[in-house]
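Residue-level listing of the chains:
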Amino acid sequence: MKIQTTIQKWGNSLAIRITGPLRTIPHFTADMPVEIEANKKGLIIHPISQKRKSLLLTEAQLLKGLTAKKAHADEIADIHYREFEHDE
């Protein structure tokens, strides 16, 4: 599909409005992340897949068997005086 339109000034940038079939055929929606490829002939705009990457472990699996001792909550930090910011 081809249409003709005009590049317009938008603040300090340039903009092209994506209207009608240009937005419905690739299923563009407001706030959709896209990837824009530029070359000497022009621009190519691709929607970015919104597939959520699954985590390898669930929160429950990560916390299984965790105790205060294993989390080192039993240790008290002993901050050395040189670790504080001070004027010399």
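We now turn to the structure provided with this report. Within every chain, residues take consecutive numbers counted from 1 along the sequence as written. Whole-chain, interface and lining totals are the exception, using all residues; otherwise, since this is a predicted model, local features are given only for residues with pLDDT of at least 70 and side-chain atom pairs are given and counted only at 80 or more. Side-chain figures throughout are based on the complete set of non-hydrogen atoms in the structure, without hydrogens or water.

1. Digging into the overall build of the protein
Moving on, step 1. Secondary structure assignment for the protein yields 2 helices and 4 strands.
Moving on, step 2. Put simply, the protein runs from its N terminus to its C terminus through helices and strands in the order β-β-α-β-β-α.
Moving on, step 3. The cut-offs for exposure are 20% and 50% of the maximum accessible area for each residue type, with area from a 1.4 Å probe on protein chains only; residues under the lower value are buried, those over the upper are exposed, and the others partly exposed. Relative to its full complement of 88 residues, the protein shows a buried share of 2%.
Moving on, step 4. Restricting the contact set of the protein to residue pairs at least 6 apart, pairs at least 24 apart contribute 5%.
Moving on, step 5. For the protein, the computed accessible surface area is about 9500 Å², with 56% contributed by carbon and sulfur atoms. Put simply, DSSP H or I for four residues or longer makes a helix, DSSP E for two residues or longer makes a strand, and each gets a number counted from the N terminus. Contacts are assigned to residue pairs that have any heavy atoms within 4.5 Å of one another. All accessibility values rest on the Shrake-Rupley procedure with a 1.4 Å probe; residue burial counts only the protein chains present in the view.

2. As for the environment of Pro 26
Moving on, step 1. Relative to the assigned elements, Pro 26 resides in the loop between helix H1 (21-24) and strand E3 (34-39).
Moving on, step 2. Accessibility expressed as a relative area gives 30% for Pro 26, which makes it partly exposed.
Moving on, step 3. Remark: the alpha-carbon pair of Pro 26 and Pro 47, spanning 21 residues in sequence, is separated by 7.8 Å.

3. Looking at a nonpolar patch on the surface
Moving on, step 1. By definition, no residue in a patch forms a salt bridge, and every one has over 30% relative accessible area; like charges are joined within 9 Å, nonpolar side chains (Val, Leu, Ile, Met, Phe, Trp, Tyr) within 5 Å. Within this document, salt bridges are pairs made up of a side-chain nitrogen of Lys or Arg and a carboxyl oxygen of Asp or Glu, the two lying within 4 Å of each other. Residues Ile 7, Leu 14, Ile 16, Ile 18, Val 34, Ile 36, Leu 43 and Ile 45 make up a contiguous nonpolar surface patch of about 750 Å² in total accessible area.
Moving on, step 2. When contributions to the nonpolar patch are tallied by element, the ones reaching two or more residues are E3 and strand E4 (42-47).
Moving on, step 3. Assignment of secondary structure puts Ile 45 in strand E4.
Moving on, step 4. Owing to a relative accessible area of 35%, Ile 45 belongs among the partly exposed residues under this scheme.

4. Focus on the pairing of E4
Moving on, step 1. In this structure, E3 lies alongside E4, joined through 6 bridges in antiparallel fashion. Each residue of the ladder has a partner; that of Asn 39, found in E4, is Gly 42.
Moving on, step 2. Strand pairing requires that DSSP identify at least two bridges connecting the strands. If you look at the hairpin formed by E3 and E4, you'll find 2 residues sitting between the two strands.

5. A closer look at the environment of Ile 45
Moving on, step 1. It is 9.6 Å that separates the C-alpha atoms of Ile 45 and Pro 26, two residues lying 19 residues apart in sequence.
Moving on, step 2. The residues touching Ile 45, leaving out its near neighbours within four places in the chain, are Ile 18, Phe 28, Val 34, Glu 35 and Ile 36.

By themselves, these are just geometric observations and shouldn't be taken as functional.
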